[in-house]
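Below are the chains, spelled out letter by letter.
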Amino acid sequence: MNNVIVVTSGKGGVGKTTTTANLGVGLARAGKSVVLMDTDIGLRNLDVVLGLENRIVYDLVDVVEGTCRLKQALIKDKRYDGLYLLPAAQTRNKMAVSPEQAKALVEELEKEFDYVLIDCPAGIEQGFQNAIAGAKSAIVVTVPEVSSVRDADRIIGLLSASEITDVKLLINRIRPDLVKKGDMLAIEDTLEILGVDLIGVVPEDEMIFRSSNLGEPAVTDDKSRAGSAYRNITQRILGKEIPIMDMEEKSGFFGKMKKLFGKN
Amino acid sequence: MGLFGKRSRKSSSVAKDRLKLVLIYDRAGTSSNNEMIEMMKRDIMRVISQYIEIEEEEIDLDIKTSNNTGEGVTSELVANIPIRKVKKLGKNRYQK
C-alpha cells in the first residue's frame, strides 16, 4: 500500500477509528514514523481510543486557519516511538476545512512521516471528501452485515470516481462460529459481492472493549485475537505476504472449534 | 428455524442475494453506470439498426426488478425500442 492511507467505511460504528489506532500503533512498533490524522471534525474520537485526549492543545482546524503551526498541533505518543496524532476539532463542523486545505495538509505531513493514516468520518459528505482529498490508498472497513456491506460498495464507487484505485477491504468483527452456522456472511461472499482485494479479517473480540476503556490499542496485546489480526494487517501494509486464513484461524474461533470437534 | 419440519435457507445466503440485488440498483444510480448504460445503448442500436430502422431518440434502456415468480425478486435489463421500419433482409446480409 501507499504511504497515505485513508481508513473509511460509509457506515458508522464499524471500526474505522479502532482500525486507524491499531494500524498506527502497529506501524510505529514496526519502526515507522506515523501520523494519524483525525478528520472527524465535531465528533473526534481517535484521541480517546489512543488515550491521548488530555494532551490536546491545538487541532487540525487551528492548523488550517493558521492559529498555530503544524508542529504545535501534533501530539507525540510517548508510549510508541514515532507515533503522532493530529486531532480533529471538537467544537467546529466539517465545513471548517475544505478538501483543498485537507490535501495541502496531507502533503505537508507526508514530507515528515513514513505513513499518514487518515481516519475518515461516517457518511459521504464534506467530511468524507476532506478525508480522501490527499489519500493515495484506502482501507475500506466493513462488518459482515448487509447495511455495512452496501455502504462499503458505495464508498468503493466514490473512491474510484476520485481516482483512488488502491482500495483494500478489511472485514471487521467477524464471528467464525456464526459464519459456520450460515448466519453471517462469509469472507468469500463479502469479497465476491464487493469485488475488491482483502487486506485482512479481524475477529470479534471482547478485548477491544477493554482496550478502548484503557486507551491502549489491542495490537499491543499478545493475547487479543483482534490484536494479532491487526499485527498481520500491519505487516501486509508494509508489503509482507501473510496468508489470511492460516494466521487468523489458528488463534481465532475457527481454530478452537476445529480442535473441539477433532477436525483438522 | 427448521423446528417444525420446514427447512429455511441459511440467513447468510439470503443476505448475499439481497445484497447482490440492491447493489445493482445502487450502482446503476451512479454516474459511471449511467455511462455504461449509454455505451450499451449505442452498441445495441448499432446491431439492431442493421435489421430494423429504429427511433434512436426514443430508446429506453434500464435495469428493473420484477417480482413475478415464486423465487422472489430478480433483476432484468429492459429495453424499449420503437421501430420505424423493418428493413428488407436482403442479399446484403445473407450473401456474405
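Residues numbered from 1 in each chain as written. Chains lettered and ligands numbered in written order. Predicted model: local features only at pLDDT ≥ 70, side-chain atom pairs only at ≥ 80, totals over all residues. Heavy atoms only, no water.

1. Regarding the overall build of chain A
Here comes step 1: Regarding its fold elements, chain A presents 13 helices and eight strands.
Here comes step 2: Against the 2.2 N^0.38 benchmark of 18 Å for 264 residues, chain A shows a C-alpha radius of gyration of 18 Å, consistent with a compact globule.
Here comes step 3: Each of the three principal axes of chain A carries a C-alpha extent, and together these read 65 × 40 × 30 Å.
Here comes step 4: Across chain A, contacts joining residues at least 24 apart in sequence account for 74% of those joining residues at least 6 apart. (Helix = DSSP H or I, 4+ residues; strand = E, 2+ residues; numbered from the N terminus. Rg over C-alpha atoms; globule rule 2.2 N^0.38 Å. Contact = heavy atoms within 4.5 Å.)

2. Thoughts on the nonpolar core
Residue and element names in this part refer to chain A.
Here comes step 1: Ranked by size, the top nonpolar core spans 56 residues in total, and within it L86, L109, I118 and L159 carry the most contacts.
Here comes step 2: If one sorts the elements of this core by residue count, helix α7 (residues 146-161) sits on top with five residues.
Here comes step 3: In contact with L86, not counting residues within four places along its chain, are V35, L36, M37, D38, D59, L60, V63, L70, A73, L74, L105 and L109.
Here comes step 4: Among the nonpolar cores identified, the runner-up in size contains 33 residues, and L52, I56, I199 and I233 belong to it. (Core = buried A, V, L, I, M, F, W, Y, C linked by side-chain atoms within 4.5 Å. Buried < 20%, exposed > 50% of the residue type's maximum accessible area, 1.4 Å probe, protein only.)

3. Regarding the packing of α7 of chain A against helix α1 (residues 11-28) of chain B
Here comes step 1: Interhelical geometry of α7 of chain A versus α1 of chain B gives an angle of 30 degrees and a closest axis separation of 10 Å. Classified by the angle between their axes, α7 of chain A and α1 of chain B sit roughly parallel to one another. Where α7 of chain A crosses over α1 of chain B, the two elements pack in a sense that is right-handed. Here V146, V149, R150 and D153 of chain A of α7 of chain A lie close against α1 of chain B, whose contacting residues are A15, R18, L19, V22, L23, D26 and R27 of chain B.
Here comes step 2: Across the contact of α7 of chain A with α1 of chain B, the residue classes tally to six nonpolar, no polar and five charged. (Axes fitted to C-alpha atoms, helices over the stretch in contact; angles between N-to-C directions. Parallel < 35°, antiparallel > 145°, perpendicular 65-115°, else oblique. Left-handed = near helix turned anticlockwise from the far one by under 90°. Nonpolar A, V, L, I, M, F, W, Y, C, P; charged D, E, K, R; others polar.)

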